[in-house]
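# Structural overview
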Amino acid sequence: MDLMQEIIARAKANKQRIVLPEGTEERTLKAADQLLADEVADIILIGNPDEINGLATTFGLNHINKATLVDPKNHEKKAAYIDLLVELRQKKGMTPEKAAVLVEDPLYLACLMIKAGDADGEIAGAQNTTGDVLRPALQIIKTAPGISCVSGAFLMFVKDKSYGKDGILIFADCAVMPNPTAPELAQIAVATAQTARDIVGIEPRVAMLSFSTKGSAKHEMVDKVVEATRLAKELAPDLKVDGELQADAALVEAVGAKKAPGSEIAGKANVLVFPTLEVGNIAYKLVQRLGDAEAVGPILQGMAAPVNDLSRGCSVDDIYKMVAIASNQAIGAKAAK
């Protein structure tokens, strides 16, 4: 069984309630239909029920009747969600009048459902920008305890099975934080380790990457990684993490033994944490294109509940996979509590 099959199997075994706020978008509906047919998750679609059902007929979908349909303009919990939004954002100037408008926005409604305990996770972005998806999530769901920043990880499936877990590595941050501070980089390391546990099912071995290994170069950018490594160990004393390490020292056992003797991570890393978004984004795309690797993500990390952002060029299969991944995140978050 490959990793995606394992992720889907875990989702099926402990079904979570995943809300899809773009409930009238074609790829989203087709993915929802397949997810419901395969019983991967309990799906909540936000949108006009008549429109959703009409589109399901048009697209030849046979399982949408198994979804929970929520009309953002008219549903039984609308007043309760208005009150919840006012309670959460009153200090930011939220009034009942403003809240009454925002709760009709599917992206805000999805987050309020999660906050109220009526859903376990959200997938959006097929027709909305990352900023539009994240804004209500950060305002309503907020970040996880001890975490102040959101980051994005990619599952990288490389051809050489000697790397990571049978060729599976986790890269972060490749999607969100342009230039994280040392404390933020430490949080990214801890969050990515949790992704490794929840999604890949492995014990993380985290390499904090730099252009230096154990003092081979002196620079303020190296100092940031050294400090981030120290802080990550404070945040998660049981976490296996080391840095600063160059990529070859992190991944190749012979190089790691030479450059960082005695390190339990060098040459054995399965989680790579990059010092900046620039480096992480370039790295994953180079590995994907030149190394013919499969990249799955971004998986957003650091939220108090799973909220994952799709590319607007995503496929039906991408949405299907991200719902299964979000389900595993929700299962892991519940277990951690």
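Structure: see above.
Notes on the structure in this doc start here. (Residues numbered from 1 in each chain as written. Predicted model: local features only at pLDDT ≥ 70, side-chain atom pairs only at ≥ 80, totals over all residues. Heavy atoms only, no water.)

## Here's the deal with a nonpolar patch on the surface
Side chains of I282, L286 and L290 sit close together on the surface and give an oily, nonpolar patch of about 330 Å² of accessible area. Its place among the elements puts L290 in helix α12 (residues 277–290). (Patch = residues over 30% accessible without salt bridge, like charges linked within 9 Å, V, L, I, M, F, W, Y side chains within 5 Å. Areas by Shrake-Rupley, 256 points an atom, 1.4 Å probe, with all protein chains shown as cover. Salt bridge = Lys/Arg side-chain N within 4 Å of Asp/Glu carboxyl O. Helix = DSSP H or I, 4+ residues; strand = E, 2+ residues; numbered from the N terminus.)

## Section: the packing of aromatic side chains
Under the counting rule described, the total for this entry stands at 2 aromatic pairs. Between F154 and Y284, the aromatic rings sit 3.9 Å apart at their centres with planes inclined by 20 degrees, giving stacked as the arrangement. Of the two residues, F154 is situated in strand β5 (residues 151–157) and Y284 in helix α12; the sequence distance between them amounts to 130 residues. Between F171 and F274, the ring centres sit 5.3 Å apart and the planes meet at 70 degrees, which makes this aromatic pair edge-to-face. Taken as a pair, F171 in strand β6 (residues 168–172) and F274 in the loop between β9 (271–273) and α12 lie far apart in primary sequence, 103 residues in all. When sorted by exposure, F171 lands in the same class as F274, which is buried. (Phe/Tyr/Trp six-rings, centres within 6.5 Å; stacked < 30°, edge-to-face > 60°. Buried < 20%, exposed > 50% of the residue type's maximum accessible area, 1.4 Å probe, protein only.)

## With respect to the sheet that holds strand β2 (residues 42–46)
Pairing is parallel across the open sheet formed by 5 strands, whose spatial order is β3-β2-β1-β4-β11. With partners counted over all chains shown, the strands left at the sheet margins are β3 (68–70) and β11 (307–309), one partner each. Pairwise comparison of adjacent strand axes, ignoring direction, gives a mean angle of 20 degrees for this sheet. When strand β4 (residues 121–124) meets β11, the two strands line up parallel, connected through 3 bridges. Residue pairing in the sheet places A124 in a bridge with D309 of β11. (Pairing = 2+ DSSP bridges. Axes fitted to C-alpha atoms, helices over the stretch in contact; angles between N-to-C directions.)

## Some details on the nonpolar core
Core analysis: the biggest nonpolar cluster contains 63 residues, and I43, L45, I64, L155, V206, M208 and V323 have the highest contact counts within it. Ranked by residues supplied to this core, first place goes to helix α8 (residues 182–200) with 9 residues. M208 has contacts with L185, A189, V225, A228, T229, V241, D242, G243, E244, L245 and V273, leaving out every residue within four places of it along the chain. Residues I82, L84, M94 and A119 belong to the second largest nonpolar core, which totals 32 residues. (Core = buried A, V, L, I, M, F, W, Y, C linked by side-chain atoms within 4.5 Å. Contact = heavy atoms within 4.5 Å.)

## Brief notes about the sheet that holds strand β8 (residues 240–245)
Across the sheet, 6 strands lie side by side as β8-β7-β9-β6-β5-β10; this open sheet has mixed pairing. Where the open sheet ends on each side, the last strands, each with one partner, are β8 and β10 (294–301). For this sheet the average axis-to-axis angle between neighbouring strands, irrespective of direction, equals 20 degrees. Sheet analysis places β5 next to β6, joined by 4 bridges and oriented antiparallel. Bridged to F157 within β6 is I168. Lying on the sheet, α8 is in contact with β5, β6, β7 (205–209), β9 and β10; it crosses β6 at an angle near 150 degrees.

## Comments concerning the environment of V296
Within the secondary structure, V296 sits in strand β10. Separated by 140 residues in the primary sequence, V296 and M156 have C-alpha atoms spaced 6.6 Å apart. Those residues in contact with V296, other than ones at most four positions away along the chain, are A153, F154, L155, F157 and I325.

## Quick look at the packing of helix α1 (residues 3–13) against helix α13 (residues 316–336)
Viewed as axis vectors pointing N to C, α1 and α13 meet at an angle of 60 degrees, and their least axial separation amounts to 9 Å. By the angle class used here, α1 and α13 are oblique. Helix-helix and strand crossings are classified by hand; for α1 and α13 the assignment is left-handed. Only Y320, K321, A324, I325, S327, N328 and I331 of α13 make contact with α1, whose side of the interface consists of M4, I7, I8, R10 and A11. Of the residues belonging to the contact of α1 with α13, the class tally is 8 nonpolar, 2 polar and 2 charged. (Parallel < 35°, antiparallel > 145°, perpendicular 65-115°, else oblique. Left-handed = near helix turned anticlockwise from the far one by under 90°. Nonpolar A, V, L, I, M, F, W, Y, C, P; charged D, E, K, R; others polar.)

Remember that the coordinates give geometry; whether it matters functionally is a separate question.
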